[in-house]
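Given next are the chains, with one letter for each unit.
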Number of protein chains: 2
Amino acid sequence: MCKMKSLNKKQQRSEKTKGTIIDAAKKLFFAHGFSDVSTEQIAKESGISKGGIFHHFSSKEELGLSVLRSTLDDFKHLLPIIEESEDLRAVMRMVISETMSFGRENPGFIKMLIWFLLRIDEEADNKKFYFMMKEAFLESLLPYHQILESLFVRLEQTHPREKALLLMGLLDGIIIYTTYVDKLSKFEPELADYFDDFDNLADLVMELFFPKKE
Amino acid sequence: MCKMKSLNKKQQRSEKTKGTIIDAAKKLFFAHGFSDVSTEQIAKESGISKGGIFHHFSSKEELGLSVLRSTLDDFKHLLPIIEESEDLRAVMRMVISETMSFGRENPGFIKMLIWFLLRIDEEADNKKFYFMMKEAFLESLLPYHQILESLFVRLEQTHPREKALLLMGLLDGIIIYTTYVDKLSKFEPELADYFDDFDNLADLVMELFFPKKE
């Protein structure tokens, strides 16, 4: 008994340390990009030694995927809100605008996602990397898709699964644009105009996907 | 006069050689990915020496951007069709399904686009690279956006510019998914189901963006 209790306490401590490392890494990765941040910097930011970091994560890549996963997990807080809410259109509007502004405020996030996507080919023979990708993407992105699908079902839309996929695609596409729009609009100031009014864009997405029944 | 004529012939020959190099590079880049193809391989495929390639393109990156640009330019063949067509809904349906199947058939294309997007940060101080990006992206993607916008205008939709942007985002997002879905669905066979019926997806996009007036 006593041994088990102490093991649990040890596990709890370990989870807390992992959380501290993930938070510090997230802050740095999102601000400076995955490739430009060293484990030395993460050690300094988190107050946990490099050895401590590699005790909890086998590689920088594994830590990066844990950061992505923890970020995508945050969207799960929407699930109980959706279950309890009676104004589903309002919830949907919130999901859309939260996703869009998250992308704008965290350009480092989508860059990390893209960096890992490109790695899929480079690490084609690395089964461990594949497994980590599965963990990070599928177990986090599929639930996000399910959130959207359940909203389409409850809003009595036809083809809820496919529409959820199309909406996810649209939001991902727009997030990629916003990530690079500041840079590209240096050459083409007109480009920035498109993203001037995010609220307007979110309203239009609502109008397209959830037209009011007249 | 005679000198000018010979210069024009020289220019024509030069353009033809550039085209041959671009076609060979496109075939290899799309099949194996930008990073995995060497200029030696492009020389072999095109029948033009490495020296000849670097005479026409200052770097592999410049050649890569020319490949992207030439690919996006292909969409411009739609412009006269749109101008002349009377069944705009049918044209729109064609643009949507052509874009989706292009993405599925050319996974190398979107990977190259992504590779160059990531380079924007790495080459932040490289003005020449920035200028090439402007050439390749803005002068090719903005016309694509304009094609969509003009269709929305002619189909009498409100907010044509913003809707064109959202539709582009959606198509880009879906193309990214299709590029990686084969790999990710090794772990999650369910994922492949989403992309089983591309025709159905294109119909749904039409339904969302161009609802029939009742």
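Owing to the predicted nature of the structure, the values given are computational and were not obtained by experimental measurement.

Conventions and cut-offs
- For every chain, the first residue of the written sequence is number 1, and numbering continues from 1 along that sequence.
- Both sets of labels track the order of writing: A upward for chains, 1 upward for ligands.
- Only residues with pLDDT of at least 70 get local features here, since the model is predicted, and only at 80 or more are side-chain atom pairs given and counted; chain-wide, interface and lining totals rely on the full set of residues.
- Only heavy atoms go into the side-chain values, all of them from the structure, while hydrogens and water stay out.
- Here, residues are in contact when the closest pair of their heavy atoms is within 4.5 Å.
- Each of two parts loses accessible area, computed with a 1.4 Å probe, when they are put together; buried area is these two losses added.
- We count a salt bridge whenever a side-chain nitrogen from Lys or Arg sits within 4 Å of a carboxyl oxygen from Asp or Glu.
- Polar contact criterion, stated in full: a pair of N or O atoms within 3.5 Å, where within protein one must be able to donate a hydrogen and the other to accept it, and residues adjacent in sequence count only if both atoms are side-chain atoms.
- In this description a helix means any DSSP run of H or I spanning at least four residues, a strand means any run of E spanning at least two, and both kinds are numbered starting from the N terminus.
- Geometry is summarised by axes, namely lines fitted to C-alpha atoms with helices restricted to the contacting stretch, and by angles between N-to-C directions that run from 0 to 180 degrees.
- Each angle receives one of four descriptions, namely roughly parallel if under 35 degrees, roughly antiparallel if over 145, roughly perpendicular if within 65 to 115, and oblique otherwise.
- Handedness of a crossing is defined here by the sense of rotation of the near helix relative to the far one, left-handed for an anticlockwise turn of less than a right angle and right-handed for a clockwise turn.
- Side-chain classes are defined by residue name, with Ala, Val, Leu, Ile, Met, Phe, Trp, Tyr, Cys and Pro counting as nonpolar, Asp, Glu, Lys and Arg as charged, and the others, Gly among them, as polar.

J.: Give a detailed account of the interface of chain B and chain A, specifying residues and quantitative values.
T.: On the chain A side, the residues contacting the 47 residues of chain B number 47 residues. Both faces considered, chain B and chain A share a buried interface measuring about 4,800 Å² in area, 74% of it formed by carbon and sulfur atoms. Counting across the interface, chain B meets chain A through 2 salt bridges. Linking glutamate 207 of chain A and lysine 163 of chain B is a salt bridge whose minimum nitrogen-to-oxygen distance equals 3.7 Å. Our count for the contact surface shared by chain B and chain A stands at 6 residue pairs in polar contact (both at pLDDT 80 or more). Only α7 (107–122), α8 (127–154), α9 (160–184), α10 (190–193) and α11 (198–209) of chain B provide two or more residues apiece to the side of chain B that touches chain A. By residue number, the principal contributor to the side of chain B that touches chain A is α9 of chain B, which donates 16 residues.

J.: Give a detailed account of the environment of isoleucine 114 of chain B, specifying residues and quantitative values.
T.: When you line up the elements, isoleucine 114 of chain B lands in helix α7. Residues isoleucine 114 of chain B and isoleucine 176 of chain B, 62 residues apart in the sequence, show an inter-C-alpha distance of 9.3 Å. If we ignore the near neighbours within four places in the chain, the residues touching isoleucine 114 of chain B are Ile114 and Leu118 of chain A together with Ile176 of chain B.

J.: So what about the packing of helix α6 (residues 88–105) of chain B against α11 of chain B? Which residues, and what values?
T.: A pair of packed helices can be characterised by two numbers: the angle between their axes and the separation between those axes. All names here are of chain B. Where α6 meets α11, the closest approach of the two axes is 10 Å, and the angle between their N-to-C directions is 135°. With respect to α11, the element α6 is oriented oblique. In this structure, α6 meets α11 at a crossing whose hand is right-handed. For the pair α6 and α11, contact is made by Arg89, Met92, Arg93, Ile96, Ser97, Met100, Ser101 and Arg104 and by Phe198, Asp199, Leu201, Ala202, Asp203, Val205 and Met206, respectively. A class-by-class count of the residues in the contact of α6 with α11 yields 8 nonpolar, 2 polar and 5 charged.

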